[in-house]
Each structure stands twice: as C-alpha cells, then as structure tokens.
Amino acid sequence: MLIAVSCTSPKPQANTQNVVNSAYADSIIASIDVVIPPSIDALNLSNFVQLMESLNTIPFEQRQVTLKSIEDEAKTVFSQAWPDVLNTNPIRSRYTVFLTDTHVAADNRLGQNAAAQQAEAIVKMKKSWNIFISQISAQESSAVLETAPR
C-alpha cells in the first residue's frame, strides 16, 4: 500500500494570480506619460503612443492583449529599414532595450500580485520608450543643424 501511494503523481496545482488593489496598479501605470515621437516617415512610431496611452484606461484583465500588440508592433519596427541618421548603435541599442522591456511587460508569467507586477513592467517599458524617443529627438535636431546652410 505504501508503494502505490508514493508512486502516484501529485495533482498539478493551479497557478492563480492574485489581483490585489488593481486601482493602485492602474494609477502607477498612468503616472508615466508617453513621449510623442518626432515624425519620421520611414518608421511609424505614432501607433506605439496610442497603444501605450490606452494602457492607462484598459482594465487589468484585458491589458494583456494590448501588451501583445505593442510587442508585435515593436518587433515589426525593429525589422524595418531605419533611416541612416537613426541607424546607429546607440539608438538601435536603446530601441532594443525598449523591445526587451516590451517583451517582459507582455509576458504573462505573473506572480502573487499580478496587477502590481504588470504595472511595474509597463512603467519600465514606458520609461525605456521615453529614453529612446529623447535620443531620437536629440539626433533629429542635431541632424537638422548639421545640414543647415551656413
């Protein structure tokens, strides 16, 4: 009898996500504004702004779909041909950081307080986006100054 009991496999435990105070998590997400990118014809970056701003109003239970859309869009932009002015190691590296943070935010493996963990990942993603855009904006303005007639 002991052998039969010890050889049976244990029942898999359900991995439940505990959503504690999602209003607090929503306020964390809304606390970081998304910087609007400069208009770049070769890269459609305006879609990111719309998707990331919508995260402020989407409930936790439905946010995963939008995060997946942001991740897919980020991968698409990464594989496009970038203008020579923006196709530099510092800018591409900054975009890679944003792409990584997007992947982490879209990852569905959340622990005990899922809403808070997701909010933290979204804030990190928004911050890396803002840093990427500030680097592009600096590059764009310096490129304009360099090509201005003297």
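Computed from a prediction, not measured in an experiment: that's the story for all the values here. For every chain, the first residue of the written sequence is number 1, and numbering continues from 1 onward in sequence order. This being a predicted model, a pLDDT of at least 70 is required before a residue's local features are given, and a value of 80 or more before pairs of side-chain atoms are given or counted; all residues contribute to the totals for chains, interfaces and linings. Only hydrogens and water are set aside; all other atoms, that is, all heavy atoms of the structure, feed into the side-chain values.

## Overview of the side chain of Thr-102
Applicable threshold: Only DSSP runs of H or I with at least four residues qualify as helices, and only runs of E with at least two residues qualify as strands; both kinds are numbered from the N terminus onward. Polar contacts here mean pairs of N or O atoms no more than 3.5 Å apart (in protein, one a potential hydrogen donor and the other a potential acceptor; neighbouring residues in sequence count only if both atoms are side-chain atoms). We call two residues in contact when some of their heavy atoms are within 4.5 Å.
Among the structural elements, Thr-102 can be located in helix α5 (residues 89-106). In this structure the side chain of Thr-102 is engaged in a polar contact, spanning 2.8 Å, whose partner is the backbone oxygen of Phe-98. Those residues in contact with Thr-102 that sit more than four places away from it in its chain are Ile-70, Glu-71, Ala-74 and Met-125.

## A look at the pattern of salt bridges
We apply this condition: The salt bridge criterion pairs a side-chain nitrogen of Lys or Arg with a carboxyl oxygen of Asp or Glu, the two atoms within 4 Å.
Under the defined criterion, the tally for this structure stands at 4 salt bridges. A salt bridge links Lys-68 to Glu-71; the shortest N-O distance between them is 3.5 Å. Residue Lys-68 and its partner Glu-71 are located together in helix α4 (residues 60-79), separated by 3 residues, close to a single helical turn. Between Lys-68 and Asp-72 there is a salt bridge, with the nearest N and O atoms lying 3.4 Å from each other. Taken together, the positions of Lys-68 and Asp-72, both in helix α4 and 4 residues apart, correspond to about one turn of that helix. Salt bridges here are not isolated pairs; linked through shared partners, they connect Lys-68, Glu-71, Asp-72 and Lys-75.

## Regarding the environment of Phe-78
Condition: Burial status follows relative accessibility: with a 1.4 Å probe on protein chains alone, a residue under 20% of its type maximum counts as buried, one over 50% as exposed, and anything between as partly exposed.
Looking at the element boundaries, Phe-78 is found in helix α4. Residue classification places Phe-78 among the partly exposed residues on the basis of a relative accessible area of 31%. Put simply, Phe-78 and Leu-99 are 21 residues apart on the chain and 8.2 Å apart in space, counted from C-alpha to C-alpha. Setting aside anything within four residues of it in sequence, one finds Phe-78 in contact with Arg-92, Tyr-95, Thr-96 and Leu-99.

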